[in-house]
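# Close look at the chain arrangement
Spelled out from the first residue to the last, the chains are:
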Amino acid sequence: MAQQGIQLDQERLCCSICLDLLRNPVTTTCGHNYCMSCIKSHWDEEDRKNIHSCPQCRQAFTPRPLLMKNTMLADLVEEVRRTGLQAHCYAGPEDVACDFCTGRKLKALKSCLQCVVSYCEQHLQPHFESVAFETHKLVDPSKELQENICPHHNEVMKIFCRTDHHCICYLCSMDKHRGHDTVSAAAERTERQKDLGASRQKIQQTIQDREKDEKMLQREAEAIDRSADDAVRDSEKIFTDLIRLIEKRSSDVKQQIRSRQKSEVSRVKEFQKELQEEMFELRKKDTELAQLSQTEDHTQFLLKYPLLSRLIESTDLPTTDTCPLTYFEDVPVAVSEANNKLQGILNEEWTKISYSLTTLNFLMPQADVKTRDEFLKYSQRLTLDPNTAHPRLFIENTKATNVIRKQSYSSHPDRFLNRSQVLSQESLTGRHYWEVEWSGLGVHVAVTYKDVSRRGAESEFGCNDKSWALDCSAIGYEFIHDKMATSLSGPQSSRVGVYLDHRAGVLCFYSISETMTLLHRVQTTFTQPLYAGIRAYSLLGVRSSAEFCEPKDQS
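### Some details on helix α2 (residues 36-46)
- Along α2, the residues that are buried comprise Met-36, Cys-38, Ile-39, Trp-43 and Glu-46. All buried residues of α2 fall inside an arc of 165° around its axis, so they share one side.
- The inward-facing, buried residues of α2 abut β1 (25-27), β2 (33-35), β3 (52-53) and β4 (60-61).

Quick look at the structure:
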């Protein structure tokens, strides 16, 4: 009875919102008690309604009441806490409750798999004191005990049916599961525990591997940050130096213009001063001549006349040239030409800078492509660019044929002039796979940079450091790069496969028949976008053709 009275007192001292002992208790005007923080939070949610109510009796308050701490109740709660009657012994919404408690239930301390019941500390005592419960298995409190009960027979499921992969009770083993492969749940658990241990080992090993990968990626991220910082710093320094050079050249041009301006203006001023002095003397002499011409004394006139002839001779002065005035107009023209050239260089170099940024490989290397299905994932249908085709090539979208009569192609700077070659319209970066079907005397299947030469022997695919070519003919295969030829062995086929991983710098040529046979693999660093190329040659009237074709599924 005393225990029930204590529990009753404790229950009265609990907040009906948080179900715990009151903290900083307050009492509403309707007489109910709450934790101050709990009732404030409750009323904060009701603020938008402008009506505040008691969570227990639903009495409404307008306006919102001003809450004060109930000191007497607070002292009583503190006394309860001090005497050891802890409110957390009661089960909350997230706790497992004791199935034997009546009224407000206490937290369960253990769950019994045989009884399929959860017990608090008080009701668990018989399991420790009575021999009848020695074989019962106690586990941590569980809300899933009812899942251990057979839904058909309401018995504990202690048997596992390996035939149907189900936990069953002993009645099920004699009914629907009769004749099935059954074992005890404990025995099956032992077997599954072994598998679980092996799976955990694999997972733990994978975790260790991933941790190594994570550390490596972290180091790579740090390296990227350092490299980016260095690149920004170095680039800023270079551009700053370039800007300073341009500013210095601008200052030099300005200084030279001003210096030349000063000297030329000084020369003009000096000449102007001389002219002014001469004009002064001339006006003075003109006045004397006017006075002489007006004298009435003939004798005086004749005596002074010799002076007249000398004055006339002295007035025969040189004059300045009259020509179009051009001073510094050519300077802006020259500066503009320099600006255009500089912009052209910067635009050309900016393309290379942008490309170097877009092709940086920041990620871990991708796995190599091994199966044909994987190759087909990167399959790409290419088309030929007529503007690059040699005049003796007849172009049909994806097919190039060597012909006798020259085609009436228009003049174009991208056109090959000395070799029967043509490029694809599509540029290639990333991963790509395509196939070429060929016939006739022989062809070159190639990849090349866009700026490969268009004339001369060095324009031939493979005869420069900007192209890589597979020579296919009736006598076999040959790989050519930078004028170096390598004979290859492999099954003869009229179809060739090309795989390109631009970022990884991988280029592979395959002979395609019933199977894919690797003929040659290139490992290098590509610095520009690539283009697929075809060369179809002829000899003694034997013509050749090649076509970008749809890869065949060999499955």
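From this point, things continue past the structure.
### So, the sheet that holds strand β19 (residues 495-501)
- Spatially, the seven strands line up as an open sheet ordered β11-β12-β23-β14-β19-β20-β21, and their pairing is antiparallel. Strands with a single pairing partner mark the edges of an open sheet, and in this sheet they are β11 (393-396) and β21 (516-523). Mean inter-strand twist for the sheet, computed between neighbouring axes without regard to direction, equals 20°.
- Note: strand β12 (residues 399-402) against strand β23 (residues 544-549), three bridges, orientation antiparallel. Each residue of the ladder has a partner; that of Ala-400, found in β23, is Ala-546.

### A short note on a nonpolar patch on the surface
- A surface patch of nonpolar side chains, about 400 Å² in accessible area, is lined by Phe-239, Ile-243, Trp-350 and Ile-353.
- Within the residue set of the nonpolar patch, elements represented by two or more residues are α6 (185-294) and α8 (330-358).
- Counting through the fold element by element, Trp-350 comes out in helix α8.

### Brief notes about unusual backbone geometry
- Here the residue pair Thr-62 and Pro-63 is connected by a cis peptide bond, since its omega of 0° sits within 30 degrees of zero.
- Residue placement: Pro-63 occurs in the loop between β4 and α3 (71-82).
- With phi around 60°, Asn-397 is a residue other than glycine that occupies positive phi space.
- Along the polypeptide, Asn-397 turns up in the loop between β11 and β12.
- On the basis of relative accessible area, Asn-397 is assigned to the exposed category, the value being 52%.
- One non-glycine residue, Asp-482, lies in positive phi territory at about 55°.
- Within the secondary structure layout, Asp-482 lies in the loop between β17 (476-481) and β18 (484-488).

### Quick look at the sheet that holds strand β5 (residues 110-112)
- What the three strands build is an open sheet, ordered β6-β5-β7; its pairing is antiparallel. The open sheet terminates on both sides in strands that have one partner only, identified here as β6 (117-119) and β7 (138-139).
- Two strands pair when backbone bridges link them, and β5 and β6 are joined in this way by three bridges, in the antiparallel orientation. Directly across from Lys-110, in β6, lies its bridge partner Tyr-119.
- Each of β5, β6 and β7 is contacted by helix α4 (residues 121-129), which is oriented at about 110° to β6, the strand it contacts most.

### Let's talk about the nonpolar core
- Counting residues in each nonpolar core, the largest one holds 35 residues, and the members touching the most others are Val-422, Trp-434, Trp-468, Leu-470, Cys-472, Leu-507 and Phe-548.
- Dropping the residues within four chain positions of it, Trp-434 is found in contact with Gln-380, Leu-382, Leu-428, Val-447, Val-496, Gly-497, Val-498, Leu-500, Ala-532 and Phe-548.
- In this structure, Leu-13, Val-26, Tyr-34 and Leu-73 belong to the second largest nonpolar core, which totals 18 residues.

### Comments concerning a negative patch on the surface
- Together, Glu-270, Glu-274, Glu-277, Glu-278 and Glu-281 make up a negatively charged patch on the protein surface.
- Judged by its relative accessible area of 45%, Glu-277 is partly exposed.

### A few points about the pairing of β21
- Direction of pairing for strand β20 (residues 506-512) relative to β21: antiparallel, over a ladder of seven bridges. Paired with Val-506 across the bridge in β21 is Gln-523.
- Adjacent in sequence and paired antiparallel, β20 and β21 are bridged by three residues.

### Observations regarding the side chain of Ser-544
- Relative to the assigned elements, Ser-544 resides in strand β23.
- Here Leu-441 takes part through its backbone nitrogen, which lies 2.8 Å from a polar atom of the side chain of Ser-544.
- Here Tyr-537 takes part through its backbone oxygen, which lies 2.7 Å from a polar atom of the side chain of Ser-544.
- Those residues in contact with Ser-544 that lie beyond four places of it in its chain are Ala-400, Thr-401, Asn-402, Ser-439, Gly-440, Leu-441, Gly-442, Val-443, Ala-536 and Tyr-537.

### A word on the packing of aromatic side chains
- Within the structure shown, the criterion is met by nine aromatic pairs.
- Ring geometry for Phe-416 versus Phe-461: centroids 5.7 Å apart, planes at 85°, classification edge-to-face. Here Phe-416 is found in the loop between β12 and β13 (421-428), whereas its partner Phe-461 is found in the loop between β15 (442-449) and β16 (467-473), with 45 residues between them in sequence.
- The exposure class assigned to Phe-461 is buried, which follows from its relative accessible area of 0%.

### Let's talk about the state of the cysteines
- Tallying each qualifying case throughout the model produces zero disulfides.
- We note that Cys-15 lacks a disulfide partner, and the nearest cysteine sulfur, in Cys-18, lies 4.0 Å from it.
- Here Cys-15 falls in the buried class, since its relative accessible area comes to 0%.

### Some points on the pattern of salt bridges
- A full pass over the atoms with the stated rule returns 22 salt bridges.
- For Lys-110, the salt bridge goes to Asp-140, with nearest N and O atoms at 3.4 Å. Residue Lys-110 is located in strand β5, and its partner Asp-140 is located in the loop between β7 and β8 (159-161); the two are separated by 30 residues in the primary sequence.
- Notably, a salt bridge pairs Asp-451 with Lys-466, separated by 3.2 Å at the nearest N-O pair. Of this pair, Asp-451 sits in the loop between β15 and β16 while Lys-466 is found in the loop between β15 and β16, placing the two residues 15 residues apart along the sequence.
- For Asp-451, a relative accessible area of 39% gives the class partly exposed.

### What to know about the side chain of Ser-545
- Within the secondary structure, Ser-545 is located in strand β23.
- Looking at Ser-545, its side chain comes within polar contact range of the side chain of Ser-439, at 3.0 Å.
- Apart from the residues lying within four places of it in its own chain, the contact partners of Ser-545 are Lys-399, Ala-400, Thr-401, Glu-437, Trp-438, Ser-439, Val-443 and Ala-536.

### Thoughts on the environment of Tyr-170
- You can see Tyr-170 is positioned in helix α5 (residues 170-173).
- For Tyr-170 and Cys-150, which are 20 residues apart along the polypeptide, the C-alpha to C-alpha distance reads 9.6 Å.
- The contacts of Tyr-170, once residues within four sequence positions are left out, are Glu-155 and Ile-159.

Calculation criteria
Within any chain, residue numbers begin from 1 and follow the written order of that chain's sequence. Local features in a predicted model are, by the rule used here, given only for residues with pLDDT of at least 70; side-chain atom pairs are given and counted only at 80 or more, and totals for whole chains, interfaces and linings are based on all residues. With hydrogens and water excluded, all non-hydrogen atoms of the structure serve as input to the side-chain values. Remark: exposure states derive from per-residue accessible area (1.4 Å probe, protein chains only) relative to the maximum for the residue type, with buried under 20%, exposed over 50%, and partly exposed in between. Only DSSP runs of H or I reaching four residues or more are called helices, and only runs of E reaching two or more are called strands; each is numbered from the N terminus. Summarising the geometry, the arc corresponds to the directions from the helix axis toward the C-beta atoms. By definition, residues are in contact when any of their heavy atoms lie within 4.5 Å. Any two strands between which DSSP finds at least two bridges are classified as paired. Interaxial angles span 0 to 180 degrees and are taken between N-to-C directions of axes, which are lines fitted to C-alpha atoms, for helices over the stretch in contact. Patches draw on residues past 30% relative accessible area with no salt bridge. Two like charges within 9 Å are joined, as are two nonpolar side chains (Val, Leu, Ile, Met, Phe, Trp, Tyr) within 5 Å. Here the open area of atoms and residues is found with the Shrake-Rupley method and a 1.4 Å probe, where only the protein chains shown may cover a residue. A pair is scored as a salt bridge if a Lys or Arg side-chain nitrogen falls within 4 Å of a carboxyl oxygen belonging to Asp or Glu. We call a set of buried Ala, Val, Leu, Ile, Met, Phe, Trp, Tyr and Cys residues a nonpolar core when their side-chain atoms join them within 4.5 Å. In summary, the charge assignment counts Lys and Arg as positive and Asp and Glu as negative, without counting His or the chain termini. Note that the charge is assigned to NZ on lysines, CZ on arginines, CG on aspartates and CD on glutamates. Between N or O atoms, a polar contact is any pair within 3.5 Å; within protein, one atom must be a potential hydrogen donor and the other a potential acceptor, and residues adjacent in sequence are included only when both atoms are from side chains. Centre distance within 6.5 Å is the pairing criterion for rings of Phe, Tyr and Trp, where only the six-membered ring of Trp is used; planes under 30 degrees apart are then read as stacked, over 60 as edge-to-face, and the remainder as tilted. Throughout, a disulfide means two cysteine sulfur atoms within 2.5 Å of one another.

Worth remembering: the numbers are spatial, not functional.
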